[in-house]
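Structural features, examined
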Amino acid sequence: MKKYLYVYNYYPQFEESMALMEFHNIFHADYEKYHFTDIDFNIKRSVFIKARLTIFHAAKSVAELVDLLKHDDLYYEDFKVEYYKNDLTHYDYQRSLKEASMLSDPIPGTTDLEHPKVELAFTYIKDTYYFGLLERNKDWHKYEVKPYSYSHSLPLKCARVALNLGLGSAIHDTIIDPCCGVGTVVLEGLGLGFQIVGSDINRYVSYKARLNLKHFGFDPLLITKRDIHDIQEHYNLCIMDVPYGVVVPFSIEEQLDLIREAYRISDRLVVITHVNLNEQIEEIGYTIKDQCVYKRGNFERFITLCVKEC
């Protein structure tokens with residue numbers, strides 16, 4: 001029996017490439033909306049994962065689940081048992097309420113159906129009942145609405161995908177965003193507990209980014225006004241949304257210059273570009289490990305994982 005069931009959100013077509021790439025990098029498998037695995041992944045990292053069920057038992061009937069629970073050493077204060085709906089199986093609502101009550105009875109503790117501290121759930125998929133601890137991914141957009149932003153700022157989902165792609169399981173690595181703009185990547189990284197700093201050459205923009213960090217209770221001095229050419233520290237990962245000339249012209253060669261500097265200051269790079277620069281990136285010395293595309297209308301963002309080969 002697998003340990004976990006991950007449930008994925010619906011994603012629009014323009015996010016499909018990101019969602020599928022992230023899924024593959026996390027689970028090393030083909031995409032499934034309902035995915036059973038032994039991989040323990042923090043669902044708060046992903047904007048695409050809706051929920052996770054840590055599976056305690058699998059059985060062919062609810063009665064069998066009840067018998068199994070009678071032998072468990074479980075205790076919860078203010079818990080609730082519910083049926084978790086899935087798109088694969090139609091389940092009668094009244095039946096689900098009755099069976100939730102049956103499964104609740106063998107568990108010592110106190111129940112709270114309105115505001116539970118612990119959610120336990122059962123679901124029925126492909127002729128099997130699964131019961132376990134339910135976690136919902138509710139707060140992934142906590143930092144989406146910032147006091148200061150711009151229409152061309154990096155979308156939150158792109159920022160999260162970039163972090164997940166670059167870090168993988170190396171969640172204690174050091175990270176820098178040297179073209180941080182209003183701080184979207186830095187905010188998302190800090191919110192997840194990562195070691196991340198940011199900088200921007202534009203005084204006004206870096207100031208607004210610091211105000212965004214302060215608004216959410218983070219140290220504003222984690223973002224500085226600095227030219228990437230002046231950075232001497234070395235980082236495990238660099239995430240860079242390359243400027244592409246929205247406000248002032250910014251040539252491809254200038255963009256490549258920033259990528260060369262990222263090669264100097266970090267071991268890995270997740271670079272976001274508005275055109276495909278794979279050939280030029282490889283000429284700099286990187287090996288491209290993965291790539292996805294965020295496309296909205298006629299505008300594309302290429303999110304590319306680049307690694308130095310030893």
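Residues numbered from 1 in each chain as written. Predicted model: local features only at pLDDT ≥ 70, side-chain atom pairs only at ≥ 80, totals over all residues. Heavy atoms only, no water.

Using the criterion set out here, one finds one cavity of 30 Å³ or more in the structure. The computed volume of the largest cavity comes to approximately 40 Å³. Considering the residues around the largest cavity, the lining is formed by Leu-5, Val-7, Arg-52, Leu-53, Tyr-84, Ala-121 and Leu-134. Only β1 (4–8) and β3 (49–59) provide two or more residues apiece to the lining of the largest cavity. (1 Å grid on protein atoms, 1.4 Å probe; cavity = no way out; pocket = protein on both sides within 12 Å on 5 of 7 lines; lining within 4 Å. Points joined across faces, edges and corners; volume = space filled by probe spheres on them. Helix = DSSP H or I, 4+ residues; strand = E, 2+ residues; numbered from the N terminus.)

On to the nonpolar core. Within the largest apolar cluster, 47 residues are counted, with the highest numbers of intra-cluster contacts made by Met-18, Phe-48, Ile-175, Ile-239, Val-270 and Ile-303. The biggest single contributor to this core is helix α4 (residues 156–167), with eight residues. (Core = buried A, V, L, I, M, F, W, Y, C linked by side-chain atoms within 4.5 Å. Buried < 20%, exposed > 50% of the residue type's maximum accessible area, 1.4 Å probe, protein only.)

Looking now at the side chain of Asn-86. Structurally, Asn-86 is set in the loop between β4 (76–83) and α3 (93–104). A polar side-chain atom of Asn-86 sits 2.9 Å from the main-chain amide nitrogen of Leu-88. In this structure the side chain of Asn-86 is engaged in a polar contact, spanning 2.8 Å, whose partner is the backbone nitrogen of Thr-89. Each residue touching Asn-86, except ones within four places of it in the same chain, is listed here: Tyr-34, Thr-123, Tyr-124 and Ile-125. (Polar contact = N/O pair within 3.5 Å; in protein donor to acceptor, adjacent residues only side chain to side chain. Contact = heavy atoms within 4.5 Å.)

It is worth spelling out the pairing of strand β13 (residues 286–296) at this point. Judged from the ten bridges that link them, β13 and strand β14 (residues 299–308) form a sheet pairing that is antiparallel. Within β14, the residue paired with Ile-288 across the bridge is Cys-306. The antiparallel pairing of β13 with β14 creates a hairpin that spans two residues between the two strands, and Gly-297 there sits at a positive phi of about 65°. (Pairing = 2+ DSSP bridges.)

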